[in-house]
Structures are given as C-alpha cells and as structure tokens.
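Okay, here's what each chain looks like letter by letter:
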Amino acid sequence: AQKITQTQPGMFVQEKEAVTLDCTYDTSDPSYGLFWYKQPSSGEMIFLIYQGSYDQQNATEGRYSLNFQKARKSANLVISASQLGDSAMYFCAMREDMTNDYKLSFGAGTTVTVRA
Amino acid sequence: DSGVTQTPKHLITATGQRVTLRCSPRSGDLSVYWYQQSLDQGLQFLIQYYNGEERAKGNILERFSAQQFPDLHSELNLSSLELGDSALYFCASGDSGSTTDTQYFGPGTRLTVL
C-alpha cells in the first residue's frame, strides 16, 4: 500500500499567489515525521519543512507552512506569495519511528509551475 | 548547499559494467542513506548505514552493495549494470539521534547506462 499519496501531478500558480500541495499518508505508527522537499530542474533535493506527529502546532518556515490534520492523515504544504523560483517538483515524505531506521517513504511528487 | 557531497555528478557507462558512487555526509552526521530516483519507480530507499554499520535495507538489488568507512563517507557499488539501472542516485545524511532527524540530500549522481 502507498504510504504517501500526492494526488496532484502538476499545478500552475500565478506569481505572488498562494498554492496548496496535497499530501495524505498512511501509517499505524503513533510516532512519525512528515517532510517536504523541493526538487528544482537542476535535480537536487532541498529540505523545506518538517512536522512531527506529536507537534501541536503546524510547522512554518518562512513562506512555507504545513497544514497538518492528523485525524485526516493529511500534511498539505502551503507556499505563500509564490515566486518564479518556486517552480519545481515537490515531494512529501514520511518517516515512521517504529522502524528505528528513519528511512523516508516518498510520494510521487507534484510539479509546480509559477507563471509571471 | 546541504553540506552533503556526492561524486561524480554524472556517470555514463555500458551494460555489464561496474561503478562506484561516493558520498560524504554533513559534518557530525553518522547516518548515510542511499536513494534511487527513476521515472518509473520514483524515489526509493535503498540502504542505510549508521556509524559504519548497515542499519536498514530497502529495495536494493543483489547486484548493488554499499559500505560506510571509518571516516563516515559511504560508497554505493553497482555491478552488472542494466539499462534499467539508469537513474539519479542520492545520498542523504542525518544524525539519527533526534526525533526530527531531517535528512539532507546531496546533489545526486546521474547514472546513464547505455
């Protein structure tokens, strides 16, 4: 079964607008971490934001925020005030702590294209 | 810059050959993870080393092997290469000592098997 589901293969957003990228996850582990990474066309994977399963507040990092809805098992990424440099592939990933190895399971990714 | 280095950046080789990919983790990180990114499989975890010891194995083929050396750098060895092994191979490092344990990725090695 897929651990991470990203249902939006591609999205277009206007510069300066906000965009929400969907991510749902599947785990029975009570302790886990959720991550978002950005992969520009150059190929590197850039860490954006982290949310722990026991965190009471939604994580924020600059223009990135994570809308964590534990009961729904969703961890959507919100990018505010989009910039042309935000055009990239975005991956949601999960680490399940019960495994004790901290490996990440990734979704298929969402391509974001920011229009001027 | 994540602080994780990988060499080479690009590698072109022929079927049946063997290659070695190298990774140096961020200073202070004890864990190294290897991932493969391909068009059909997406991002897949291959193997993890922690302080020189293998800790976890994922979807790693028997033709592939890895090790982590005393200075904590790691090498991923791919042998009897097939066309389907063409992919972007990432190394990531983390400290595995905290509940956040963010994995920071290197720039990747793009392997093309002809």
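Read on for a plain summary of the structure. (Residues numbered from 1 in each chain as written. Chains lettered and ligands numbered in written order. Predicted model: local features only at pLDDT ≥ 70, side-chain atom pairs only at ≥ 80, totals over all residues. Heavy atoms only, no water.)

The next point concerns the overall build of chain B. What chain B contains, in helices and strands, is 0 helices and 11 strands. Tracing chain B from N to C terminus, the helices and strands come up as β-β-β-β-β-β-β-β-β-β-β. Taking 114 residues into account, the globule formula puts the C-alpha radius of gyration at 13 Å, and chain B, at 13 Å, falls close to it. Considering only C-alpha atoms, chain B reaches an extent of 40 × 25 × 25 Å along its principal axes. (Helix = DSSP H or I, 4+ residues; strand = E, 2+ residues; numbered from the N terminus. Rg over C-alpha atoms; globule rule 2.2 N^0.38 Å.)

Residue and element names in this part refer to chain A. Relative to the helices and strands, I49 resides in strand β6 (residues 46-52). Take I49: its relative accessible area is 0%, and that puts it in the buried class. With 38 residues separating them in the primary sequence, I49 and S87 have C-alpha atoms 17 Å apart. In this structure I49 touches L34, F35, W36, A59, T60, E61, Y64, S65, L66 and L77, once residues within four positions along its chain are discounted. (Buried < 20%, exposed > 50% of the residue type's maximum accessible area, 1.4 Å probe, protein only. Contact = heavy atoms within 4.5 Å.)

Once that is clear, we can look at the pattern of salt bridges. Residue and element names in this part refer to chain B. By the definition in use, this model includes 6 salt bridges over all chains. Linking D29 and R26 is a salt bridge whose minimum nitrogen-to-oxygen distance equals 2.9 Å. The partner of E82 in a salt bridge is R63, with the nearest N and O atoms 3.7 Å apart. One end of the pair, E82, is in the loop between β8 (74-78) and β9 (87-94); the other, R63, is in the loop between β6 (53-57) and β7 (64-68), with 19 residues separating them in the sequence. Under the relative-accessibility criterion, E82 is labelled partly exposed at 44%. Overlapping salt bridges bring together R63, E82 and D85 as one network. (Salt bridge = Lys/Arg side-chain N within 4 Å of Asp/Glu carboxyl O.)

Opposite the 20 residues of chain B that make contact, chain A presents 16 residues. Applying the counting criterion to the chain B and chain A interface returns 0 salt bridges. Applying the counting rule to chain B against chain A returns 3 residue pairs in polar contact (both at pLDDT 80 or more). Among the elements of the structure, β4 (31-38), β5 (42-50), β6, β9 and β10 (104-105) of chain B are those that each provide at least two residues to the side of chain B that touches chain A. Tallied by class, the residues present in the side of chain B that touches chain A amount to 10 nonpolar, 8 polar and 2 charged. (Polar contact = N/O pair within 3.5 Å; in protein donor to acceptor, adjacent residues only side chain to side chain. Nonpolar A, V, L, I, M, F, W, Y, C, P; charged D, E, K, R; others polar.)

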